[in-house]
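Below are the chains, spelled out letter by letter.
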Amino acid sequence: MQALIDTDLDLAAELLVDGQCVAIPTETVYGLAANALDKNAAAQIFKIKNRPDFDPLIVHVDSMFSAMKWVKEFPHKAELLARRFWPGPLTLVLPKKKEIPYEVTAGLETVGLRVPQHDLTIQLLERLNFPLAAPSANPFGYVSPTSADHVFDQLWDKIPYILDGGEAQVGIESTIVGFEDGIPVIYRKGAVTEEMIAEVCGEVRTQTHSTSNPKAPGMLTSHYSPNADVEIITRSLRSIRENEGYIAWKELPKGMELKNKFILSPNGDLYEAARRLYAGLRLLDRKGLVRIFIELVPESGIGASINDRIRRSAAEK
Ligand code: TXA
Ligand code: MG
């Protein structure tokens, strides 16, 4: 099998109706999609990604009203968040109805739901009479894909089709929010920040670290990680070796010879840095480097979510 990369919605829909997996674009990262009501289709996602069976999938729908079909309750605060941030980079974890199989939720009674902000994928969802389970379209633990080429690089011989929606416009995975005692709890940081959620809901908690039995494996300390060792810069370096790389926040260190380099945002724009982070890690990793040095970005707003991904990519495997 060799994956086709194109924009044919009819073909993508046909493959999905047939129970196959198709990579789809979203504004965060590309997803590896299959029929969320079909446990065999879901099982294929786990196989292709080499994903451990304790890691639940996010279910994508075309609107809040579609989301309501698959959950037992949609609390008022969830509705406020959905109305404010959907379509967009926010996943809401809610009690599932029985139509969503445990194969999708990894045995949990809750399901993560999201309306992605991408025209092609919304059009695809509108054509289907089932929602799409879709984790990021990368082998488990590796850096998520933000372009059709990234997906092809790793999954070209494992899936029939990649729906090409261009470069992902947000570039890091969605914010995941559940509810505990009626209070929103952030399980994974993303472009919808704690401040933005607090503005809508008042009180909000954050609980994004867990090493055993994680609620969200995006919470695993080591994740989003390239083959090269990633080392966060904590002091200024004099020099680096030929087989090492450097990812800077907005400018390269002066007077240092750098062959393998990448700048997240020359203008110091955190949104641009989020959009380019995974492309930078992948670009340097393709060169077979042993180590990638990387600078943290300013910790404000989406910067905290970018730093979260940088720290996890640098964590001991
Ligand atoms: O932006 C995104 O969320 C992308 C795009 C494709 O939508 N998807 C994504 O999926 O990042 P994935 O599988 O790489 O990460 C999904 C995370 C996992 O860490 C999973 O555990 C968590 O969502 N999750 C899914 N359902 C959950 C649930 N019921 N309770 C807690 N966490 C859940
Ligand atoms: Mg992932």
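This text follows the structure it describes.
In short, a report on the structure. Remember, predicted model here, so these are calculated numbers, not experimental data. (Residues numbered from 1 in each chain as written. Chains lettered and ligands numbered in written order. Predicted model: local features only at pLDDT ≥ 70, side-chain atom pairs only at ≥ 80, totals over all residues. Heavy atoms only, no water.)

### Things to note about the sheet that holds strand β13 (residues 244-248)
So, point 1. In spatial order, the strands read β12-β15-β13-β14; together these four strands make up an open sheet with parallel pairing. Each end of this open sheet is capped by a strand with a single partner; those strands are β12 (229-232) and β14 (261-263). The sheet shows a mean angle of 20° between the axes of neighbouring strands, taken without regard to direction.
So, point 2. With four bridges joining them, β12 and strand β15 (residues 291-294) adopt parallel strand pairing. Residue pairing for β15: I232 is matched across the bridge by I294. (Pairing = 2+ DSSP bridges. Helix = DSSP H or I, 4+ residues; strand = E, 2+ residues; numbered from the N terminus. Axes fitted to C-alpha atoms, helices over the stretch in contact; angles between N-to-C directions.)

### Considerations on empty space enclosed by the protein
So, point 1. A complete count under the given rule lists one cavity of 30 Å³ or more for this structure.
So, point 2. There is about 40 Å³ of room inside the largest cavity.
So, point 3. Taken together, K49, S136, N138, F140, G141, Y142, S144, E173, H223 and Y224 make up the full set of residues lining the largest cavity.
So, point 4. Per-class residue counts for the lining of the largest cavity are three nonpolar, five polar and two charged. (1 Å grid on protein atoms, 1.4 Å probe; cavity = no way out; pocket = protein on both sides within 12 Å on 5 of 7 lines; lining within 4 Å. Points joined across faces, edges and corners; volume = space filled by probe spheres on them. Nonpolar A, V, L, I, M, F, W, Y, C, P; charged D, E, K, R; others polar.)

### Focus: the side chain of D285
So, point 1. By secondary structure assignment, the location of D285 is in helix α9 (residues 270-285).
So, point 2. Residue class for D285 comes out buried when judged on its relative accessible area of 7%.
So, point 3. Within polar-contact distance, the side chain of D285 engages the side chain of Y142 at 2.7 Å.
So, point 4. A polar atom in the side chain of D285 sits 2.9 Å from the backbone nitrogen of A228.
So, point 5. Discounting residues that sit within four places of it in the chain, D285 has contacts with Y142, P226, N227, A228 and I292. (Buried < 20%, exposed > 50% of the residue type's maximum accessible area, 1.4 Å probe, protein only. Polar contact = N/O pair within 3.5 Å; in protein donor to acceptor, adjacent residues only side chain to side chain. Contact = heavy atoms within 4.5 Å.)

### Brief notes about the pattern of salt bridges
So, point 1. Scanning the model with the defined rule gives 14 salt bridges in all.
So, point 2. In this structure, E173 engages R309 in a salt bridge whose closest nitrogen and oxygen atoms are separated by 2.7 Å. Placement of the pair is E173 in the loop between β8 (161-163) and β9 (175-180) and R309 in helix α10 (residues 302-314), with a sequence separation of 136 residues.
So, point 3. The exposure class of E173 is buried, given its relative accessible area of 3%. (Salt bridge = Lys/Arg side-chain N within 4 Å of Asp/Glu carboxyl O.)

### Focus: the environment of K97
So, point 1. If you trace the backbone, K97 turns up in the loop between β5 (90-95) and α5 (102-105).
So, point 2. According to the relative accessible area criterion, K97 is partly exposed, its value standing at 30%.
So, point 3. The sequence separation of K97 and L108 amounts to eleven residues, and the corresponding C-alpha distance is 11 Å.
So, point 4. Beyond its immediate stretch of four places on either side in the chain, K97 contacts M68, K69, W70, V71 and K72.

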